[in-house]
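The residues making up each chain are set out below.
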Amino acid sequence: MSKQEEIDDDDFSDSSEFSVELEYDLEGLKKSASNVFGKTCISVKKLGEGGFHKVFTLKMEDNKEYIGRIAFPDYPYWKTESEVAVMKYVKEKTSIRVPEVYHYESNKENLVGQEYIIMEKLPGISLSDVWDDYDLNEKKKILLQVIDIQCTLKNQRFSKIGGIFYDNNIKDFIIGQVTEETFFSEKRSELKNIKRGPFDNTFDYIIAAIEKEITYNRKFFNDEKWIPVYEELLSLVPKYFNRNNKDDIFVLTHGDFHFTNILVDGTNITGIIDWECSGSYPLECFCTYPVWITENPFEDLDKKKSEEYRLLQDFWRSEMKIRDPEFIKIMFNIDDFKSVIYHSAFTIYAETGRILDSLENLRKIQS
């Protein structure tokens, strides 16, 4: 049976220009779901596709529905293991609602033929689907809940930078290698002899991120024009980052805290999904506006839309200052140089020229 026949959904097709070619067995996913729940899975329907996975709704004979996420093989084993561990951590340690994981496989040797997760289907729809339909007061109601979530995540502190994993031997969570996109996308997972963490300090983390890009460009591009750019960037890091800094703080950070991954019912947040690439990362990187209330430089905004962004940012900032003054202090006191360094170190597409823009900004700050 073909994938499309098994999906049985005309709204989504693997022929989409955004779809990633991936070999998998949906009949195997149905069998796995049937084994997990002791009931027959009667249908598999494609729900959507993310940056690193395909998502399906699994409908059982009792009409209950679950989610099946089939992972792309971008970062074998580590990404799936960390995603499951992060959700387990959030569920056990916080009040944030995340999907319950019922079964997962972190290798391809299984019925599906790819890494996958079978999890709870949380109620609600994506905030991105309804955000523009809200009036200003409804948007503010959502932002108050977002602040609660941001503060909860910020209160989860760790001693190192890296991905979160669960060690079955000690029955506890540990910090391991980073699972960020910038360390595995576009064949970066194939790089050998690069530092992937865990990192004891922000200095080593930033240095590793930049050195990784130098290694990546040497391995995959004949044109080495970006290497001197990264080398210059690397030489500037010690001026503003200190390996012996004892004040580094690392907090639980969602890898893609965007309104596409926030579920709502009306104006109530019902859960946060898509925890792959999450982990323990520097507090300085964490303290930002919710990205969807900031202006996109590639978006043409009318005066009314720009004014709404300003009002929402003012509201979020004033409420966050009441709830967590430290958050706002860190957000607005970060040195311009450090801010550009963070951005530059994790710009994964140097060929777009953005890394040159960042370096030029650093030169201006230096002068």
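The structure contained in this document is the topic of the report that follows. (Residues numbered from 1 in each chain as written. Predicted model: local features only at pLDDT ≥ 70, side-chain atom pairs only at ≥ 80, totals over all residues. Heavy atoms only, no water.)

Attention now goes to the sheet that holds strand β1 (residues 41-49). As a general point, the strands of a sheet are linked pairwise by backbone hydrogen bonds and lie either parallel or antiparallel. Taken in spatial order, the five strands of this open sheet run β1-β2-β3-β5-β4, and their pairing is antiparallel. In the strand order of this sheet, the two ends are held by β1 and β4 (101-105), each with one partner. On average, each strand axis in the sheet is tilted by 20° relative to the strand beside it, whichever way the strands run. As paired elements, strand β2 (residues 53-60) and strand β3 (residues 65-71) share seven bridges and run antiparallel to each other. Bridge assignment links Leu58 to a residue of β3, and that residue is Tyr66. (Pairing = 2+ DSSP bridges. Helix = DSSP H or I, 4+ residues; strand = E, 2+ residues; numbered from the N terminus. Axes fitted to C-alpha atoms, helices over the stretch in contact; angles between N-to-C directions.)

Attention now moves to the environment of Lys88. As for its placement among the helices and strands, Lys88 is situated in helix α3 (residues 78-93). Residue Lys88 is classed as partly exposed on the basis of its relative accessible area of 31%. Aside from chain neighbours lying at most four places away, what touches Lys88 is Tyr166 and Phe173. (Buried < 20%, exposed > 50% of the residue type's maximum accessible area, 1.4 Å probe, protein only. Contact = heavy atoms within 4.5 Å.)

Quick look at empty space enclosed by the protein now. Per the counting criterion, the structure on display carries two cavities of 30 Å³ or more. Computed from the structure, the largest cavity encloses a volume of approximately 50 Å³. For the largest cavity, the full set of lining residues is His53, Arg69, Ala71, Lys79, Thr80, Glu83, Tyr116, Ile117 and Glu276. For the lining of the largest cavity, the element with the highest residue contribution is α3, accounting for three residues. Its residues assigned to classes, the lining of the largest cavity comprises three nonpolar, two polar and four charged. (1 Å grid on protein atoms, 1.4 Å probe; cavity = no way out; pocket = protein on both sides within 12 Å on 5 of 7 lines; lining within 4 Å. Points joined across faces, edges and corners; volume = space filled by probe spheres on them. Nonpolar A, V, L, I, M, F, W, Y, C, P; charged D, E, K, R; others polar.)

Relative to the helices and strands, Asp132 resides in the loop between α4 (127-130) and α5 (136-154). Judged by relative accessible area, which is 60%, Asp132 ranks as exposed. Those residues in contact with Asp132, other than ones at most four positions away along the chain, are Lys139 and Lys305. Engagement of the side chain of Asp132 in a polar contact is seen with the side chain of Lys305, the distance being 3.5 Å. (Polar contact = N/O pair within 3.5 Å; in protein donor to acceptor, adjacent residues only side chain to side chain.)

On to the packing of aromatic side chains, then. Inspection of the entire model under this criterion finds 24 aromatic pairs. When the ring of Tyr89 is compared with that of Phe173, the centres are 5.1 Å apart and the planes differ by 80°; the resulting orientation is edge-to-face. Of this pair, Tyr89 sits in helix α3 while Phe173 sits in strand β9 (residues 172-176), placing them 84 residues apart in sequence. On the basis of relative accessibility, which here comes to 8%, the residue Tyr89 falls in the buried class. Following the ring pairs from residue to residue traces out a cluster consisting of Trp131, Tyr134, Phe257, Phe259 and Trp292. (Phe/Tyr/Trp six-rings, centres within 6.5 Å; stacked < 30°, edge-to-face > 60°.)

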